[in-house]
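Listed below, chain by chain, are the residues.
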Amino acid sequence: QQLPVEGKKFAQVNQMWRKTLDEARVNNHLLSVCSSSDLLESFRQSNETLERVQKGLADYLETKRLAFSRFFFLSNDELLQILSQTRNPRAVQPHLHKCFEAIESLVFEEDQKIVGMRSKEQEVVPFNEHMYPEGSVENWLCDVERIMRSSIREQILSCLDDFHHR
């Protein structure tokens, strides 16, 4: 959906590649398939097309990273894995510790409401504001980051207040 032009270009290259493999499979003489005058040019054009597809993909990932800067800590493959599962907000869980130090996972309720964060040590900090992960991943993760900061600030202030009253 996000990369329709690149998707079509990739599909064309994939179709050409499959057609070539089918021809090689059917023909018992591989050299006759390889000696086709158009084959080398087709492969060259396919390489150029794949380079344009890769550039388009890199540009797309860059826009996502600029929208949520913590995505810079993820590899392209990890980021693609998150972005390809936008309907499943829990798909971000395996990558959270790379985006947020000391955060292992988010605490979800059954209805997908995010109500807190969990550390590697299984300590849970409840969010002072609950949210549903709606819209694009980078946008709701920005909301999560804002709520994380606000919740930690509130916890620290509460601890300081408790300390001063003892």
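Our structure's up above, just so we're on the same page.
Residues numbered from 1 in each chain as written. Predicted model: local features only at pLDDT ≥ 70, side-chain atom pairs only at ≥ 80, totals over all residues. Heavy atoms only, no water.

Caption draft 1: Up close: the overall build of the protein chain. When helices and strands are tallied, the protein chain shows 6 helices and 3 strands. Secondary structure elements in the protein chain, listed N-terminal to C-terminal, are α-α-α-α-α-β-β-β-α. Against the 2.2 N^0.38 benchmark of 15 Å for 166 residues, the protein chain shows a C-alpha radius of gyration of 24 Å, more extended than a compact globule. Structurally, the protein chain occupies a C-alpha span of about 90 × 25 × 25 Å along its principal axes. The long-range share in the protein chain, meaning contacts at least 24 apart out of those at least 6 apart in sequence, stands at 36%. Accessible area for the protein chain stands at about 11,600 Å²; split by element, carbon and sulfur atoms hold 51% of it. Side chains of the protein chain give 21 positive and 26 negative charges; the mean places of these two sets differ by 4 Å. (Helix = DSSP H or I, 4+ residues; strand = E, 2+ residues; numbered from the N terminus. Rg over C-alpha atoms; globule rule 2.2 N^0.38 Å. Contact = heavy atoms within 4.5 Å. Areas by Shrake-Rupley, 256 points an atom, 1.4 Å probe, with all protein chains shown as cover. Lys, Arg positive; Asp, Glu negative; His and termini not counted. Charge placed at Lys NZ, Arg CZ, Asp CG, Glu CD.)

Caption draft 2: Seen up close, the nonpolar core. Counting 25 residues, the largest nonpolar core has F71, L106, I114, F127, W140, V144 and M148 as the members making the most contacts within it. Within the residue set of this core, elements represented by two or more residues are α3 (37-67), α4 (76-83), α5 (96-99), β1 (105-108), β2 (114-118), β3 (124-131) and α6 (137-164). In terms of residues, this core owes the most to one element, α6, which gives 6 residues. Ignoring sequence-local partners within four residues, the contact set of V144 consists of L106, I114, F127 and M131. (Core = buried A, V, L, I, M, F, W, Y, C linked by side-chain atoms within 4.5 Å. Buried < 20%, exposed > 50% of the residue type's maximum accessible area, 1.4 Å probe, protein only.)

Caption draft 3: Just the packing of α3 against α4, in detail. The N-to-C vectors of α3 and α4 enclose an angle of 75°; their axes lie 11 Å apart at closest approach. Taken together, the axes of α3 and α4 lie roughly perpendicular to each other. Of α4, the residues touching α3 (which contributes L57, Y60, L61, K64 and R65) are N76, L79, L80 and L83. Split into classes, the residues belonging to the contact of α3 with α4 amount to 6 nonpolar, 1 polar and 2 charged. (Axes fitted to C-alpha atoms, helices over the stretch in contact; angles between N-to-C directions. Parallel < 35°, antiparallel > 145°, perpendicular 65-115°, else oblique. Nonpolar A, V, L, I, M, F, W, Y, C, P; charged D, E, K, R; others polar.)

Caption draft 4: Fine view of the pairing of β1. Where β1 and β2 come together, 4 bridges link them in antiparallel fashion. Pairing of F108 across the sheet is with I114, part of β2. Counting the residues in the hairpin turn of β1 and β2 gives 5 residues, including Q112, whose phi is positive at 75°. (Pairing = 2+ DSSP bridges.)

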